[in-house]
Every structure is written in C-alpha cells, then in structure tokens.
Amino acid sequence: MAEDDPHHLNIMYNWFKYSVSKVPPHVLHEQEERKWNIEYKEPYGRCTIAVRDIKEGEVIFVDHPVVTGPKQNSTIMCLGCYRRIESWDEYRCSKCGWPLCSAKCEKMGYHPMECQFYADSGYIPCASDFTEDQYVYEATLSLRCFCLSIYEPDKWKTLMAMESHNDPRRGTELWEREEANVVNFLKEKVKVSADPELLHTITGILDVNCHEVRSTLPGTKDEYRVRGVYPLCAMMSHFCSNNTHHTLMDDMTMVVMASRPIKKGEQITATYTHILSATTERRKHLKFGKFFDCVCDRCKDPTELGTYFGALRCSQPGCGGNVLCTDPVCITNDAPWKCDRCRHQIPAETVERLNKIVYYELRQHEEGDIAALENIFKKYQFVFHPQHFHLIGVKHTLSQVYGRVSGYLLPQLTEAQMQRKIECCQDLLKVLDVIDPGISRLRGLTLYELHAPLLLKANKAFQSTNITKSEFLEKLREAEGYLRRTVYCLQYEPVSAFEGEICKISRNSLKELLSWIEVVKGLPSEHFLPECVDLLPPTAASLTEEDLTLESLLKKLEEQ
Ligand SMILES: C[S@@+](CC[C@H](N)C(=O)[O-])C[C@H]1O[C@@H](n2cnc3c(N)ncnc32)[C@H](O)[C@@H]1O
C-alpha cells in the first residue's frame, strides 16, 4: 500500500472521475462538485460520507462496472450478451468452442478476454452432464477479473484496491467451495498460471463487493441476471435501514440517489441483504457472505425500530405482551427471548425452530396459491406480532397475487378480497415507512397495487349510486395520491424493466384519473347519494376489467 494513501482512496476517486466522464450530462455533470468523500472508519473500513446535506431523490453518483459476468449456479448462457441458451449446439464460438448466440457475440462484452484462455486450454464444459460442470460459469467471472491484469491494467488496479477478506474467509465453507470450483478449475483445467492466493483474492473481492445486475436484452423483454463489480457502490457501508436507492440503466450504468434526506457528515449507505428479513437472518447472511457483524440501529433494537418485525406474541394466558430477543447483536445468536410484560422467557433455539417451520410451510405451496397463503396466515396470526416478518411476507405476496392470478383477477374479487388486498398493501407500507422510507421500488410497486382496488371499489359504489359526491371525490383523490407516489418512486427505473413499465402505466392511469376527477366534479347531484345519508353497503355487482377505465365509466354515465 502506498504510504500516503494506505486505503487506496485516490484509486476510488479516479474511478469516480472515469465514471462521471462516461455518463450523459443530464444524469450528472462532470463539473458538479462531489457530494461525498470516502473515509476510513472503524469498524466499517472505507465508507462514503456526505460532505453536504443531500436532498431526497438527488443523484449522488453514477458508477460503471469494472467487470460483469455470470453468477453462481448460472444456467448455460451466452458469454457475449448473457442470453439464456437452451441448447449446447445453438452456436459455438469459432475460437474456444463455448456456446454463444451467434458470431456477433464472439466479440461482445468481456468474452474476447477469456476466449483465448479457453481456446488455448481446449476446455469446453461437458454438454452431456452440465450439472457436473455448473460452476464453470461462476469461474468465468473470476477468469475475466484475472484477464483485466493483462488487458486493462487501470481496471485491474481498481479491482485489486477492493476488500477480499482473505483472512476471515480462509478455511471457511465458502473458501473450500471456491477452492474446488474456481481456483482448482482455473489452475488445472484452464491452465491459468496465477498464484492460487491471487485467485482466492479475486473470488473474495467478488463475494464481498458484487452487485446483482438485472437487466433486459436490448430490443427484447428477455431478462438476464449476472454479477457486476461497481467500485463506488461497493464503498457504501451496509445499514439494515439504508439511505440510498440504486437504479440500473440499460447500459449497466448504476445511478445511486438519496432515498431520503441525508445530512452532512452522515454515512451514505446501501443494504447488502433483504430488507424484509429479520435481524437474525440478516446478521447471519452478512456474517457468512460479507464477514462482519452488523450492529446498526435496526439490528441493536429488539423491536427493529418499533416495527416488532421479529416479535412473537406472548403465549402466557391473558398476557398479550410481545416476546423479544434480549440481545439481538449477540455474536453467538443464542440470547434468550423474553416477554416485555410478564418476562416469560423462551430459548433462542425455539424461536429459530418455529421460524424454520414457517419457512418450510411457505415453501410447500405453489406460487400464487392464495388459499394456502391465507391458511398459513390464519394459523400463525396469533403466534406472531401482526408486523412479524413472516406475516408481513405473506401479506407482501398476497398484495401482489390478489388481482393478478387466475380466479382472483381484479374484476373477479369479492368485496372482502378487495379489502384484503388493500389491507395487505397498507400493512406492508406501514413497515416500509420505518425500515425503508422514501424512494423505494417496493414502496412504488405496493402503492400501485393499493390504488387499483381502491379505485375499483369507489367506482363500483358510484355506479350503484351508493356514495356521496364528496366521498367519491375523496376516494378518487386518495387513489390519485397513491398513483403520484408510485410514479415518484419508480420514475428512475428503466422502461425496459418491470418497474419502469409499471411507472409508465401509472403515468397514463394518473392522466385518466385526473380527467375523471374533473368530470365527477361537474356531475349533478342525482348521480350520488345525498350528502346526509350514510353510505349503504355496496352491492356485489359483477365487474369487468372495463370498470376501471374512464371510457367505460363515462359510457355508463351517459346511458343512465
Ligand atoms: C462492499 S465492502 C464496503 C467497503 C469496505 N469498507 C472497504 O473498505 O472496501 C463490504 C465490507 O465493508 C465492511 N462493512 C460494510 N458495512 C459494514 C457495517 N455496517 N459494519 C461493519 N463493517 C461493514 C465489511 O468489512 C464488509 O465486508
């Protein structure tokens, strides 16, 4: 390490300059002052600190991948464009013989770098038993990294400045797996003449720093998922309730923005784990894959910032208290759980066993099996706190499947089912407001799911003259608010992505809804219940998909 730059900060700042020079000025101006510094702080290592207040939604930086390539357990894919390949014999690279889409892909992306190694060694994965050779795609990304040392020295320097955690990784299950699948494979089968320690450093850098890259193939709806190393993104520390939102553009540029206001001096943070998992699971995942013990505010707090995301209901008769972990950041994960009222105690092992049983039950049902999900919910609703991650997880799934799966399409939903969809969305949003406030994909999608049954219910009440004008307008404005916030949360998503598509649909629905509100404002009072009469229960009239559109409502109105 250079003595005047022991933490390689200059390499990271240089990477930033390179990244900025590659993005269009409407995203980030080269002249714009940097909003962050990289500092070294225990226990985080290098981390990104705001040098001024940053507003919600402000772009903080853009980043480019040093390298991208297949993930672990990848299926057969084109090493040029990443399209999934169905058959080994679709097309083979004329030089190395690996399956690709076409001659065009031979020169695409990073493939030309590894191609020579595969061609020289003569190694081709076994077409007759791919399960034997499944790891070769994962190893290809490590080979690509090694190739940077030959073909792209600046990128190699940046990659090597990243954390590999070789010492804590040495001898772990992960290390042994990578030794067999990557290091030995590259040494013995591909004849890479690199020091095994260097190859382990590469696998470590990938484990600690990689981001999943989910994008679509140009001009298609075909999604691909690979891994990429984004050096600046990787400088952000992990917090279980983070303050950034990142969006991947179609050209694989990562745009990082503030998901909520960030104060000068505050760390700019990302989350490396699933936000909707509980403290024990998050901490285990971070320890296993990223080699640190998270002690963020959410992890330290047994109530997870007041959400009670891991809490159980006390089983003692008449107590009604919440059973919480007495020391959620205990290294051995075996601190007992105690009721916050009667102090009844449960061993950590029992809580873990219970969670495993529910995970198992949840995995047993078919995707979108509403009846099975509702049964699991009923079975456990009095075992867990209403905001427990299992119940919220079920509600998350229900919020998406009610209205979308066969037999439960939006127009087919009963009044009670529509109400259930609304309740699931609202309960999920309540938790997100605490652990993932501000701009988030999950919030955007959930708000979209919430607006639809609300609008449908309101329109249905209007059609059966079961609502007063002011109540109807209030409901329409509520749906408008949700649509506006959907667009706000998803506005940065590329249109090719599912979230980008939902954003586009929401913009159109919003325009339509605003016109509808104008029409409703001008409607005479005979179309509504008199203001003084209580709203009657809505009738279960059959609905069609058209009921949601402005045109169909106007048509019905004219017919009346
Ligand atoms: C993607 S890197 C982040 C940059 C890293 N600090 C560096 O200097 O290269 C991930 C590593 O940073 C450290 N780290 C990130 N978030 C942390 C946190 N909340 N607490 C402790 N260490 C953290 C861990 O060593 C982790 O493996």
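Residues numbered from 1 in each chain as written. Predicted model: local features only at pLDDT ≥ 70, side-chain atom pairs only at ≥ 80, totals over all residues. Heavy atoms only, no water.

**A few points about the side chain of E304**
Stated precisely, the cut-off is as follows: Here a strand is any run of E in DSSP of at least two residues, a helix any run of H or I of at least four, and the numbering for each starts at the N terminus. Only protein chains enter the calculation, and the probe is 1.4 Å; a residue is then buried if its accessible area is under 20% of its type maximum, exposed if over 50%, and partly exposed in between.
Tracing the chain through its elements places E304 in the loop between α11 (297–300) and β11 (312–313). For E304, a relative accessible area of 3% translates into the label buried.

**Some details on the packing of helix α3 (residues 111–121) against helix α4 (residues 135–151)**
Keep this limit in mind: Where helices are involved, their axes are fitted lines through C-alpha atoms of the stretch in contact, as for all axes, and angles between N-to-C directions lie from 0 to 180°. For classification purposes, an angle smaller than 35 degrees is called roughly parallel, one larger than 145 roughly antiparallel, one from 65 to 115 roughly perpendicular, and anything else oblique. Should any heavy atoms of two residues lie within 4.5 Å, those residues are considered in contact. Classes in brief: Ala, Val, Leu, Ile, Met, Phe, Trp, Tyr, Cys and Pro nonpolar; Asp, Glu, Lys and Arg charged; the others, Gly included, polar.
It is at 9 Å that the axes of α3 and α4 come closest, and there the two elements cross at 100 degrees. When the axis of α3 is compared with that of α4, the two are roughly perpendicular. Each of H111, M113, E114, Q116, F117 and Y118 in α3 lies in contact with α4, whose residues at this interface are V136, T140, L143, R144, F146, C147, L148, I150 and Y151. Here the residues of the contact of α3 with α4 are counted per class, giving 10 nonpolar, 3 polar and 2 charged.

**With respect to the side chain of T247**
Its place among the elements puts T247 in strand β8 (residues 244–248). Looking at T247, the relative accessible area reads 0%, which means it is buried. What T247 contacts, discounting residues up to four positions off in sequence, is T253, M254, V255, M257, R441, Y492, E493 and P494.

**Some details on the domain arrangement of the protein chain**
Note the threshold: How far each domain reaches was decided by an automatic or database domain assignment. Two parts placed together each lose some accessible area; with a 1.4 Å probe, that loss summed over both constitutes the buried area. Under this definition, polar contacts are N or O atom pairs within 3.5 Å; protein pairs additionally need one hydrogen-donor-capable and one acceptor-capable atom, and for neighbouring residues in sequence, both atoms have to be side-chain atoms.
Here the protein chain is partitioned into domain 1 (9–64 + 230–270), domain 2 (67–228) and domain 3 (402–559). With centres defined by C-alpha atoms, the gap from domain 1 to domain 2 works out at 27 Å. The interface is formed by 15 residues belonging to domain 1 together with 17 residues belonging to domain 2. Summed over both sides, the interface between domain 1 and domain 2 buries roughly 1200 Å², with carbon and sulfur atoms accounting for 70% of that surface. Contact with domain 2 buries area across many residues of domain 1, yet I11, Y230 and M252 alone supply 38% of it, more than any other trio. Applying the counting criterion to the domain 1 and domain 2 interface returns 1 residue pair in polar contact (both at pLDDT 80 or more). Contributing elements (two or more residues each) for the side of domain 1 that touches domain 2: α1 (9–21), α9 (231–234) and β8. Ranked by residues supplied to the side of domain 1 that touches domain 2, first place goes to α1 with 4 residues. Residues that form the side of domain 1 that touches domain 2 fall into these classes: 12 nonpolar, 1 polar and 2 charged.

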